[in-house]
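Residue-level structure breakdown
Each chain, letter by letter, is given below.
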Amino acid sequence: MALSTTPDLQPLQPQTSSNRTLTRKRPHRLSVTSWVFMAPIAVVFVVLYVIPMSQSLYYSFTDFDGYVSNPAFVGFDNYAELFKDPSMLSALGYTIFYAVSTTILVTVTAIPLALTLNRKFFGRNLVRSAFFFPAVPSVAILGLVWGFILNPLGSGVLNSIIRSLTGLGPIPWLSDSTLAQLSTVAVTIWALTGWHAVLYLAYLQAIPADYYEVSKIDGASSWQSFRYITLPLLIPAMAVSQLLLMTNGLKVFDLPFTLTRGGPGFSTRTLTQSLIEDGIAQSRVGAASALAVLFLIVVGLVVLGQMALSNALQRKYS
Amino acid sequence: MLNHTNSPQRRRKTSLRLTVLGAVVAAAAALTGCGSSGGSGSENTVSFYSWDNEASMKPVLDEFKKQNPSIDLKVSYGTPVQGYISTLQTRINSGTAADVFIITAENKTEIMEGGFAKDLSGEPWIGNIADAAKATYTKDGKVYGAATASWGGGILYNKDLLAKVGFTNPPETWDDFLALCKKLKDAGITPFYESGDGMPVSLAALVGLQNEASGGTMDADIWAGKTSFAKTWTEPLKDWSELFKQDLVSPSVAGLTGDQITSEFQRGSVAMIGTGSWALGSIQKAAPDMKLEFMPVPGDSGTYWAGAVSPGYAVNAKAKNPEAAEKLVEFLQSKTGVELYQKQNAAITTTKDFTPELDPALSSMVPAVRDGKFYLPQVTWPTNSAALNSETVSLLQQLIQGQTTPEKVASALDAKLASLQGK
């Protein structure tokens, strides 16, 4: 069905015209002011990002163990080693699984939740706060609490409930490789959905009510309103949300580590855990640096791909 | 002609640039940690980076200050294990390590090979350190750490639960131990738990027996290529995996932490756990009426204990106040220092001039521990112990789940060692 009277839908963008006017009028003052504000950030960027990344690149070609001041040059040996190490390959596989699955599942749960929270109902603010709450405590604390809930013994909270309701024996939530992987993803979805729903909610509230009124006049169903109005206008929100989810997923460490310490076996070991353990605890800074460099490239490519996809979708619907 | 050099605009611009430059330099200095040194401040100051927490060390260090009023002691406390190791590593690299720090299994190779600690073999008090403790931190005849305690690991059992199945004496062979587990299971009692997040003490002791049979040189021989993990570890792994093959122990232990199994034991939900002497205090606190005792791990050729020498005190090779640093280490290993430390930690101290009074539950373990008759692979492995330990723990978790076999675990360890050695 064509929504003939529906106005052209533009993705929500920050208003920038007044900024441009200001730039034209007072270019000199703005550039100095910008410089003043940019300088500390530039220093932070150089000291905390550029220098460490350059050091990592250098160490990745050496056998640096974290202690000696003159490590030997080993060429690409550290890079070749990465692809032979089963624990590293397992960490790569799990990290990708975790990042992709949490990105998809959080998105498909956060959008319906945001739509629900956008409706008027009694106690709406309380419900919104309740869903947002998991984003407040430290992830490490969430991991410890969920470790208690998912304790694989019969004394675990969830296992006790299941036994009292069904009589079933303890389920090895964190002791079985597959269940441990699924459990870490499930806890992440629980922890992040509320936060991302609030993000979508902010964008939903910016959609003018006129659009829905016009579509109603044209006889659009609820699904059609969602498909042709809400969803296209949520694409910028999806771009932001999914970028955050994907980058956080790829560099995740705290939640799986506090839940399972990377086990059982290598099943929930993440790339960041490998980086930390190999680089610091195991004094293999050279090998860990090679992983960090490769990881940076992979994350960069994933983010670029995701941004290209988001831009293409925005162009299609704008 | 106008002199632009002194124009107000120019001055404002210059002033602004100087302000920004100052802010940038200040920010850079703050971010890079420049400015005041992290080391000692005066000639009478000695710095100490402690492994034990403040509650444990305060009475000891207060006594040192009392005996040495002219020395200003600066103490910082680390968070073992990983936090301590990484902080110390960073401080050594930046030349800001404390005058006295801790050398331990996880960093001893790098500390000793890098020459970051002073040789203590010539100190007049070194004879007071137990032989096993000296050997742990010795390389090429030089002693780099003074360890004053050791810990033992074995099977801690609930006497009342074992009495229900007619237990009288600890099992003498591994088969006897399996039979005891079966008896407990048949009586509806969970027989044995051991956490999967670290090297199991039962397996460590079984491998220790193998090491004893090899004359105590097993690990050195593996590293020298004279033998292999496949040849030495497969049998102990086979014995150990029978616990899971015979369904005597739940595979859920693969995902359990030491705290979780301790908590199950305190509740009386399990008859025996594999743990170390350090756990006794907290268990007795949580379950004061429980009758407990440790027994050694029984193997095919006798019984043995897991265990290791505790971290040792090391003097920074570049200590700013080496005399005071040596004085501190001398005090820490002295009878007074060890007695005060033991009072706080209930540790099995091993210095020769002090015999600790320990809990009766440790009675069977103490003689072996004080004699150094114990084994822990990751402490004895000559190099790459942290990397191999992490690999072993993950492989054992797979073995518990039945995803691999003892033979494959041992071969994987050989492959990992070869990879770490660049072969």
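Residues numbered from 1 in each chain as written. Chains lettered and ligands numbered in written order. Predicted model: local features only at pLDDT ≥ 70, side-chain atom pairs only at ≥ 80, totals over all residues. Heavy atoms only, no water.

As annotated in an unreviewed UniProt entry, chain B carries the name Extracellular solute-binding protein and comes from Arthrobacter nitrophenolicus.

What counts here: UniProt positions are given in the numbering used here, feature names are shortened, and annotations may be inferred rather than shown by experiment.
Per an unreviewed UniProt entry, chain A is named ABC transporter, and its organism is Arthrobacter nitrophenolicus. Listed under Sequence similarities (unreviewed entry) in UniProt, the entry text for chain A is "Belongs to the binding-protein-dependent transport system permease family." Under Subcellular location (unreviewed entry), UniProt gives the following word-for-word description of chain A: "Cell membrane".

Quick look at empty space enclosed by the protein
In plain terms, the rule: Note on definitions: the grid is 1 Å and covers protein atoms alone; a cavity is a set of points where a 1.4 Å probe fits but cannot get out; a pocket is an open set with protein on both sides within 12 Å along at least five of seven lines; lining residues have an atom within 4 Å of a point. Grid points are joined across faces, edges and corners, and a volume is the space filled by probe spheres set on the points. Each helix is a run of H or I in the DSSP string that is no shorter than four residues. Each strand is a run of E no shorter than two, and both are numbered from the N terminus. Nonpolar residues are Ala, Val, Leu, Ile, Met, Phe, Trp, Tyr, Cys and Pro. Charged residues are Asp, Glu, Lys and Arg, and all others, Gly as well, are polar.
Within this structure, the stated rule accounts for 2 cavities of 30 Å³ or more. Its volume calculated, the largest cavity comes out at about 80 Å³. Around the largest cavity, the lining is made up of 16 residues, and of these Glu194(B), Ser195(B), Pro200(B), Trp240(B) and Ile400(B) lie nearest the centre. Broken down by secondary-structure element, the contributors of at least two residues to the lining of the largest cavity are α10 (229-245) and α17 (385-400) of chain B. Counting residues per element, the lining of the largest cavity draws most heavily on α17(B), which supplies 4 residues. The class makeup of the residues in the lining of the largest cavity is 10 nonpolar, 5 polar and 1 charged. Around the second largest cavity, the lining residues are Ser87(A), Phe266(A), Arg269(A), Asp278(A), Gln282(A), Arg284(A), Ala387(B), Ser390(B), Glu391(B) and Lys416(B). A total of 3 residues in the lining of the second largest cavity trace back to one element, the largest contributor, which is α17(B).

A few points about the domain arrangement of chain B
Residues and elements named next belong to chain B. Definition in use: Segmentation of the chain into domains, including their bounds, is taken from an automatic or database domain assignment. For this analysis, residues touch if any pair of their heavy atoms sits within 4.5 Å. Two parts placed together each lose some accessible area; with a 1.4 Å probe, that loss summed over both constitutes the buried area.
Looking at chain B, the domain boundaries give domain 1 (45-148 + 310-351) and domain 2 (153-307 + 375-420). A separation of 30 Å is found between the C-alpha centroids of domain 1 and domain 2. Opposite the 5 residues of domain 1 that make contact, domain 2 presents 5 residues. Summing both partners gives a buried area of about 410 Å² for domain 1 against domain 2, and 56% of it is carried by carbon and sulfur.

Considering the UniProt feature "transmembrane region" (unreviewed entry) in chain A
Residue and element names in this part refer to chain A. Here, the residues flagged by UniProt with the feature "transmembrane region" (unreviewed entry) are residues 30-51, 96-117, 129-149, 182-204, 225-245 and 287-309. Here residues 129-149 is 71% helix and 0% strand, with 22 Å between the C-alpha atoms at its ends. Secondary structure content for residues 182-204 is 100% helix and 0% strand, while the C-alpha to C-alpha distance between its ends is 31 Å.

Section: the interface of chain A and chain B
For the record, the criterion: Only one rule defines a salt bridge in this text: a Lys or Arg side-chain nitrogen within 4 Å of an Asp or Glu carboxyl oxygen. Contacts described as polar in this section are N or O atom pairs within 3.5 Å, which, within protein, must combine one atom able to donate a hydrogen with one able to accept it, while residues neighboring in sequence count only if both atoms come from side chains.
Between chain A and chain B, the residue contacts involve 40 residues of the former and 40 residues of the latter. Three residues stand out in chain A for area buried against chain B, namely Tyr67(A), Leu153(A) and Phe266(A), and they jointly supply 23% of the buried area on that side. At the junction of chain A and chain B, the tally comes to 1 salt bridge. With its nearest N and O atoms 3.4 Å apart, the salt bridge here joins Lys416(B) to Asp85(A). At the junction of chain A with chain B, the criterion picks out 10 residue pairs in polar contact (both at pLDDT 80 or more). Counting only elements with at least two residues in the side of chain A that touches chain B, the list comes to α2 (27-59) and α13 (271-281) of chain A. Ranked by residues supplied to the side of chain A that touches chain B, first place goes to α2(A) with 9 residues. For the side of chain A that touches chain B, a count of residues per class yields 20 nonpolar, 13 polar and 7 charged.

Some points on the nonpolar core
All names here are of chain B. Heads up, the condition is: Joining through side-chain atoms within 4.5 Å is the link that ties buried Ala, Val, Leu, Ile, Met, Phe, Trp, Tyr and Cys residues into a set, and such a set is a nonpolar core. Type-normalised accessible area, obtained with a 1.4 Å probe on protein chains alone, sets the label of each residue: buried when under 20%, exposed when over 50%, and partly exposed for intermediate values.
By size, the foremost hydrophobic cluster in this structure holds 133 residues, and its most contacted members are Phe-101, Trp-233, Trp-240, Leu-243 and Met-272. Looking at this core, the element that brings in the most residues is helix α8 (residues 201-213), giving 7 residues. Here this core spans two domains, and each of domain 1 (45-148 + 310-351) and domain 2 (153-307 + 375-420) adds at least three residues to it. Apart from the residues within four sequence positions on either side, Phe-101 is in contact with Tyr-49, Tyr-84, Leu-88, Ile-92, Ile-111, Phe-116, Ala-117, Gly-312, Tyr-313, Ala-314 and Asn-316.

Looking at the packing of aromatic side chains
What counts is decided by this rule: Here the aromatic set is Phe, Tyr and Trp, taking the six-membered ring for Trp, and pairing holds for ring centres within 6.5 Å; pairs whose planes are under 30 degrees apart are stacked, those over 60 apart are edge-to-face, and all others are tilted. Any Lys NZ or Arg CZ found within 6 Å of a ring centre and within 35 degrees of that ring's normal is scored as a charge over the ring.
Taken as a whole and assessed by the stated rule, the structure comprises 26 aromatic pairs over all chains. Look at Phe253(A) and Phe257(A): their rings are 4.9 Å apart centre to centre, the planes differ by 20°, and that puts the pair in the stacked class. Within the aromatic cluster, the residues linked to one another by ring pairs are Phe61(A), Phe73(A), Phe76(A) and Tyr79(A). Looking at Arg227(A), its charged tip hangs above the ring of Tyr228(A), at a distance of 5.0 Å from the centre. We note Arg91(B) situated over the ring of Tyr49(B); from NZ or CZ to the ring centre the distance is 4.6 Å.

Considerations on unusual backbone geometry
Each neighbour pair has its own omega, and for Gly263(A) with Pro264(A) the value is -5°, a cis peptide bond. Tracing the chain through its elements places Pro264(A) in the loop between α12 (254-260) and α13. Of note in the backbone geometry, Asn384(B) takes a positive phi value of approximately 50° without being a glycine. Its location among the elements puts Asn384(B) in the loop between α16 (377-380) and α17.

Focus on the confidence of the model for chain A
Predicted coordinates in areas of low pLDDT are best not read in detail. Heads up, the rule is: Residue-level confidence of the predictor is summarised by pLDDT, bounded by 0 at the bottom and 100 at the top.
For chain A, the average pLDDT comes to 85, and 90% of its residues sit at 70 or higher. Ignoring residues within four places in sequence, the model shows residues 1-23 of chain A, a span with pLDDT below 50, making 32 contacts including any to other chains.

Some words on the environment of Pro170(B)
In this structure, Pro170(B) sits in the loop between α6 (159-163) and α7 (174-186). Between the alpha carbons of Pro170(B) and Thr303(B) there is a distance of 9.9 Å; along the sequence they are 133 residues apart.

Side note on the layout of surface pockets
The calculated volume of the second largest pocket comes to roughly 1300 Å³. Lining the second largest pocket are 31 residues; nearest its centre among them are Pro52(A), Ser56(A), Leu275(A), Ser289(A) and Ala292(A). Only α2, α11 (235-250), α13 and α14 (285-317) of chain A together with α3 (82-94) of chain B provide two or more residues apiece to the lining of the second largest pocket.

Some details on the side chain of Ser47(B)
As for its position among the elements, Ser47(B) is in strand β1 (residues 45-50). A polar side-chain atom of Ser47(B) sits 2.9 Å from the main-chain amide nitrogen of Asp99(B).

Observations regarding the environment of Leu117(A)
Residues and elements named next belong to chain A. With respect to the helices and strands, Leu-117 occurs in helix α4 (residues 86-117). For Leu-117, a relative accessible area of 2% translates into the label buried. Separated by 10 residues in sequence, Leu-117 and Val-127 place their C-alpha atoms 7.8 Å apart. Excluding anything up to four places from it in sequence, Leu-117 contacts Arg-124, Val-127, Arg-128, Phe-131 and Leu-201.

Side note on the pattern of salt bridges
The final tally for this structure, using the stated rule, is 17 salt bridges over all chains. Across the pair Lys118(B) and Glu326(B) runs a salt bridge, and its minimum N-O distance is 3.0 Å. Within this pair, whereas Lys118(B) is found in the loop between α4 (108-114) and α5 (131-136), its partner Glu326(B) is found in helix α13 (residues 322-332), the two being separated by 208 residues in sequence. In this structure Lys118(B) comes out as partly exposed when scored by relative accessible area, which is 28%. One network of salt bridges, with partners in common, ties together Asp85(A), Glu391(B) and Lys416(B).

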